[in-house]
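Topology and contacts: notes
Listed below, chain by chain, are the residues.
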Amino acid sequence: MRSQISKTILSIALIVLALSFYSSSAYPQEKAKPKDAAKVPAKTAAVDPSQYVGAETCNTCHDDQYKSYHAGPHWQTMKDSRRGVAFQGCEGCHGPGKAHSEAPSKDNIVTFTDKNGIQASAYCLNCHQQTSDQSNFQRSAHHRSNVGCTNCHSVHAAKVSDALLKQSTPNLCFTCHMEVKSSFSKPFHHRVNEGLIKCTDCHDQHGGFLSRQLRSSASNDQVCFKCHAEKAGPFTFEHAPIKNEGCASCHTPHGSANPRMLKRASVNLLCLECHTLTTDSSAPAIPTFHNQATKYTACTMCHAQIHGSNASSYFFQ
């Protein structure tokens with residue numbers, strides 16, 4: 001009996017050892033940090049208050065920057081003494097200024113002209129992580145593309161006071177996303193250029209958990225339903241693509257040459273992408289009498305409630 005118990009314990013120990021080795025090799029505990037990540041001194045560590053001279057001292061040489069600083073929201077850090085001098089005034093971003101005030105040099109003060117997007121953002125994120133989108137910035141597509149806070153925002157030379165933007169949207173977004181800019185010039189488009197909606201109404205510029213930094217997933221098109229509430233449902237009979245793929249399964253979100261921003265010029269061609277007799281399709285094929293003559297090419301003339309219906313499974317009404 002004892003030998004049997006010993007064998008059982010030994011087997012369990014070997015299994016646990018094998019599983020721990022597999023998990024440590026297949027799923028490493030730490031991910032490699034970006035090679036350009038900034039080495040920012042932790043502000044939570046003890047600081048020497050004697051090395052901080054205050055914003056008024058900075059004003060003696062940097063008058064223009066001091067004025068722009070007070071014109072923006074960052075001056076409010078001077079009123080918050082709870083976190084200490086390391087978070088207040090000019091030195092909240094540029095670090096302690098005593099050495100710099102005694103011997104002005106770029107080598108003894110933090111400057112941002114020589115830092116890339118990831119490095120500059122690391123300083124901003126010391127304070128700006130109060131909201132969910134800011135705290136997700138490091139997983140964003142912007143961060144992975146080395147686009148940082150200072151690429152869009154400017155503390156001292158902001159053109160738009162709201163959020164200290166370097167220029168107004170959508171032109172700010174178009175400096176990188178040129179392929180999208182042309183879409184908003186097509187005959188049918190979301191009215192971004194006209195100022196009725198903004199890129200950030202649909203996309204979270206700071207990051208999130210979804211692809212293309214969308215504010216909601218395709219199967220939960222809350223982004224679209226903010227404006228197109230009549231399409232939201234719930235419906236007794238739902239059109240499957242809307243639930244599975246979202247509005248973008250039929251519409252191009254930025255702009256199109258086709259009415260209603262459809263992906264195809266002819267409605268029937270769009271419908272036939274799913275409703276064609278194939279062995280692996282769950283969508284029903286069109287009836288045999290729908291011979292695609294002229295009167296059958298406009299599917300939505302009969303299937304008027306194509307987004308969903310409470311009366312007909314064929315979306316007649």
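What comes next concerns the included structure. Everything numeric in this text was worked out from a predicted model, so none of it was measured.

1. Observations regarding the overall build of the chain
- In terms of helices and strands, the chain carries 15 helices and four strands.
- Pairs at least 24 residues apart make up 48% of the contacts formed inside the chain by residues separated by at least 6 positions.

2. A word on helix H6 (residues 117–124)
- Taken as a whole, H6 has its buried residues at Gly117, Ile118, Ala120, Ser121 and Tyr123.
- Check the buried side of H6 and you find it contacts helix H4 (91–94), helix H8 (141–144) and helix H9 (149–152).
- In this structure Asn116 caps H6, since a side-chain oxygen of it lies 3.2 Å from the backbone nitrogen of Ile118.

3. Things to note about unusual backbone geometry
- With an omega of 10 degrees, the peptide bond between Thr169 and Pro170 qualifies as cis.
- In this structure, Pro170 sits in the loop between H9 and helix H10 (171–174).
- A cis amide bond links Gly233 with the next residue in sequence, Pro234, at an omega value of 5 degrees.
- Inspection of the secondary structure assignment puts Pro234 in the loop between helix H13 (222–225) and strand S2 (237–238).
- A positive phi angle, near 55 degrees, is found at Leu164, a position not held by glycine.
- Topologically, Leu164 is positioned in the loop between H9 and H10.
- In this structure Leu164 comes out as buried when scored by relative accessible area, which is 11%.
- Even without being a glycine, Arg260 presents a positive backbone phi close to 60 degrees.
- With respect to the helices and strands, the residue Arg260 is situated in the loop between strand S3 (255–256) and helix H15 (267–272).

4. Some points on the packing of aromatic side chains
- Scanning the model with the defined rule gives four aromatic pairs in all.
- Their ring planes at 80 degrees and their centres at 5.5 Å tell us that Phe112 and Tyr123 sit as a pair that is edge-to-face. Of this pair, Phe112 sits in the loop between helix H5 (98–102) and H6 while Tyr123 is found in helix H6, placing the two residues 11 residues apart along the sequence.
- The exposure class assigned to Phe112 is partly exposed, which follows from its relative accessible area of 22%.
- Look at Tyr123 and you get buried, because its relative accessible area is 17%.
- Aromatic pair Tyr314 and Phe316: ring centres 5.8 Å apart, planes at 25 degrees, arrangement stacked.
- By relative accessible area, Phe316 is classed as partly exposed at 44%.

Here is what the cut-offs are and how they apply
Residues numbered from 1 in each chain as written. Predicted model: local features only at pLDDT ≥ 70, side-chain atom pairs only at ≥ 80, totals over all residues. Heavy atoms only, no water. Helix = DSSP H or I, 4+ residues; strand = E, 2+ residues; numbered from the N terminus. Contact = heavy atoms within 4.5 Å. Buried < 20%, exposed > 50% of the residue type's maximum accessible area, 1.4 Å probe, protein only. Polar contact = N/O pair within 3.5 Å; in protein donor to acceptor, adjacent residues only side chain to side chain. Phe/Tyr/Trp six-rings, centres within 6.5 Å; stacked < 30°, edge-to-face > 60°.

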